[in-house]
Amino acid sequence: MSCYDATHTQITNDVDLYFLYTLDIGEHDFHNLKREQHIVVDFLGFPTKFIGLIDLCYQHQCRHQAENTSSSSGSSGSGSNSSIASHFVTKLNLTSGILSIVEVNEFNHVSHLNLQFRPGSDDSIKAYLSSSLKFSTAARSQLVQEQEESRVTLEQQQRRLEGTLEELRLLR
């Protein structure tokens, strides 16, 4: 078994820590998906292309939020998407668990990918929360260590500065 036998994907929400949808796509499942949805990338290239599509959706969301922020703050922008011929959005149906990546243009909405996610089970949510806690704890430890190193460096620089100031006073 190689490390490429399955791709694991999770959809989470930082506000609702119990929100978890998961998808595991094995090579066999991928070939069925590829045939059904006319996907042109191979199994090994799929994760990279999938992330690329998600990034396009995220970029549009960021642009859209920036436009809304600038228009609500009184900036003189057109506020329309006329300069953007098309954009990508994600849609997650919470009832069916289907995540769709859709390209929206002036003419229609083109569904590029539909993936069937599963709502997280109690065990998978516990595992997700546990790994998130471990990650947060490690990140906190790293920050505490960096803060301590910065404090020591600051104290050393402060002592050197005080020494330099004392030398300047003696020279006067």
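Residues numbered from 1 in each chain as written. Predicted model: local features only at pLDDT ≥ 70, side-chain atom pairs only at ≥ 80, totals over all residues. Heavy atoms only, no water.

Caption draft 1: Here's a closer look at the side chain of Glu 103. One can find Glu 103 in strand 4 (residues 98-105). There is no salt bridge for the buried Glu 103, and the closest opposite charge comes from Arg 63, which lies 11 Å off by N-O distance. Within the local environment of Glu 103, its side chain forms a polar contact with the side chain of His 112, the two groups lying 2.7 Å apart. Those residues in contact with Glu 103, other than ones at most four positions away along the chain, are Ser 86, His 87, Phe 88, Asn 108, His 109, Val 110 and His 112. (Helix = DSSP H or I, 4+ residues; strand = E, 2+ residues; numbered from the N terminus. Buried < 20%, exposed > 50% of the residue type's maximum accessible area, 1.4 Å probe, protein only. Lys, Arg positive; Asp, Glu negative; His and termini not counted. Salt bridge = Lys/Arg side-chain N within 4 Å of Asp/Glu carboxyl O. Polar contact = N/O pair within 3.5 Å; in protein donor to acceptor, adjacent residues only side chain to side chain. Contact = heavy atoms within 4.5 Å.)

Caption draft 2: Molecular detail of the nonpolar core. In this structure, Ile 25, Phe 46 and Leu 115 are the most contacted members of the largest nonpolar core, which totals 20 residues. Per-element accounting of this core gives the leading share, 4 residues, to helix 2 (residues 46-72). Residue contacts for Ile 25: discarding those within four places in its chain leaves Asp 5, Ala 6, Thr 7, Phe 30, Leu 33, Phe 43, Phe 46 and Leu 115. (Core = buried A, V, L, I, M, F, W, Y, C linked by side-chain atoms within 4.5 Å.)

Caption draft 3: Here's a closer look at a nonpolar patch on the surface. Where nonpolar side chains cluster on the molecular surface, the patch consists of Leu 161, Leu 165, Leu 168 and Leu 171 and spans about 410 Å² of accessible area. Secondary-structure assignment places Leu 168 in helix 3 (residues 122-171). With relative accessibility at 45%, the residue Leu 168 sits in the partly exposed group. (Patch = residues over 30% accessible without salt bridge, like charges linked within 9 Å, V, L, I, M, F, W, Y side chains within 5 Å. Areas by Shrake-Rupley, 256 points an atom, 1.4 Å probe, with all protein chains shown as cover.)

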